[in-house]
Amino acid sequence: MSWLLPRLIGASRAWELMLTGRVIDSAEADHIGLVTRVVPDGTVIDSALETAALIAQNSPWGVRMTKEVAWSQLEIGSLQAGIDLENRTQILSGMTGDMQEAITAFLEKRPPTYTNT
């Protein structure tokens, strides 16, 4: 928690919450960026499944690389190193079969069928 929380909500807010143990409600969690959204009671599973469905519409390789690069960017040593990492990943993404499928599906106005190739 002490490594991740400051990266999510900033050091001062994270330290205040960790040092006091203060419980926060959903409105404050939303306000400080700890959650991406607050949903009505009883709809959290449906909301999570909707988000998962949106993610699943993307290529598996693209989702995996997005997650890998996003986490790596937290530890990258410089802006240029971050740009280089992103650039490398974009070039590699363009060489996948799924990229060609995405282009073809777009031109044919249909949902893509990814094969993770």
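None of the values given here were measured: they were computed from a predicted structure. (Residues numbered from 1 in each chain as written. Predicted model: local features only at pLDDT ≥ 70, side-chain atom pairs only at ≥ 80, totals over all residues. Heavy atoms only, no water.)

## Overview of the overall build of the protein
Consideration 1: A count of helical and extended segments in the protein gives seven helices and zero strands.
Consideration 2: In the protein, the succession of α and β elements from N to C terminus is α-α-α-α-α-α-α.
Consideration 3: The C-alpha radius of gyration computed for the protein amounts to 19 Å, which surpasses the reference 13 Å derived for 117 residues by more than 25%, pointing to a less compact arrangement than a globule.
Consideration 4: Dimensions of the protein along its principal axes, counting C-alpha atoms only, are 55 × 40 × 15 Å.
Consideration 5: Across the 117 residues that make up the protein, the buried fraction comes to 17%.
Consideration 6: A fraction of 33% describes how many contacts in the protein between residues 6 or more apart in sequence connect residues 24 or more apart.
Consideration 7: As displayed, the protein offers around 8700 Å² of accessible surface, 63% of which is attributable to carbon and sulfur atoms. (Helix = DSSP H or I, 4+ residues; strand = E, 2+ residues; numbered from the N terminus. Rg over C-alpha atoms; globule rule 2.2 N^0.38 Å. Buried < 20%, exposed > 50% of the residue type's maximum accessible area, 1.4 Å probe, protein only. Contact = heavy atoms within 4.5 Å. Areas by Shrake-Rupley, 256 points an atom, 1.4 Å probe, with all protein chains shown as cover.)

## As for unusual backbone geometry
Consideration 1: Although it is not a glycine, K109 sits at a positive phi angle of roughly 55°.
Consideration 2: Residue placement: K109 occurs in the segment after α7 (97–107).
Consideration 3: On the basis of relative accessible area, K109 is assigned to the exposed category, the value being 77%.

## Let's talk about the side chain of D98
Consideration 1: Among the structural elements, D98 can be located in helix α7.
Consideration 2: Leaving out residues up to four positions away in the same chain, D98 has contacts with S59, P60, Y114, T115, N116 and T117.

## Considering the environment of I83
Consideration 1: Looking at the element boundaries, I83 is found in helix α6 (residues 79–94).
Consideration 2: Relative accessible area serves as the criterion here: at 42%, I83 is assigned to the partly exposed category.

## Comments concerning the nonpolar core
Consideration 1: By size, the foremost hydrophobic cluster in this structure holds five residues: L5, I9, A14, L17 and I32.
Consideration 2: Elements with a minimum of two residues in this core: α1 (4–9) and α2 (11–20).
Consideration 3: With near-sequence residues (within four places) excluded, I32 lies in contact with I9, R13, L17 and I24. (Core = buried A, V, L, I, M, F, W, Y, C linked by side-chain atoms within 4.5 Å.)

## Concerning the side chain of S59
Consideration 1: Within the secondary structure, S59 sits in the loop between α4 (44–56) and α5 (60–73).
Consideration 2: Setting aside residues up to four positions removed in sequence, S59 forms contacts with D98 and Y114.

## Here we look at the packing of α5 against α6
Consideration 1: Their axes nearest at 10 Å, the elements α5 and α6 cross at an angle of 175°. In terms of their interaxial angle, α5 and α6 are classed as roughly antiparallel. Only G82, L85, E86, R88, T89, L92 and S93 of α6 make contact with α5, whose side of the interface consists of W61, M65, E68, V69, S72 and Q73.
Consideration 2: Partitioned by chemical class, the residues of the contact of α5 with α6 number five nonpolar, five polar and three charged. (Axes fitted to C-alpha atoms, helices over the stretch in contact; angles between N-to-C directions. Parallel < 35°, antiparallel > 145°, perpendicular 65-115°, else oblique. Nonpolar A, V, L, I, M, F, W, Y, C, P; charged D, E, K, R; others polar.)

## Points about the pattern of salt bridges
Consideration 1: For the structure shown, the criterion picks out five salt bridges.
Consideration 2: With a shortest N-O distance of 3.1 Å, R22 and E16 are connected by a salt bridge.
Consideration 3: The partly exposed category is assigned to R22, whose relative accessible area is 37%.
Consideration 4: A relative accessible area of 33% means that E16 is categorised as partly exposed.
Consideration 5: Linking R22 and E28 is a salt bridge whose minimum nitrogen-to-oxygen distance equals 2.9 Å.
Consideration 6: A residue is classified by how much of its surface remains accessible, and E28, at 25% relative accessible area, is partly exposed.
Consideration 7: When salt bridges that share partners are traced, they join E16, R22 and E28 into one network. (Salt bridge = Lys/Arg side-chain N within 4 Å of Asp/Glu carboxyl O.)

Purely geometric numbers; function is a separate question.
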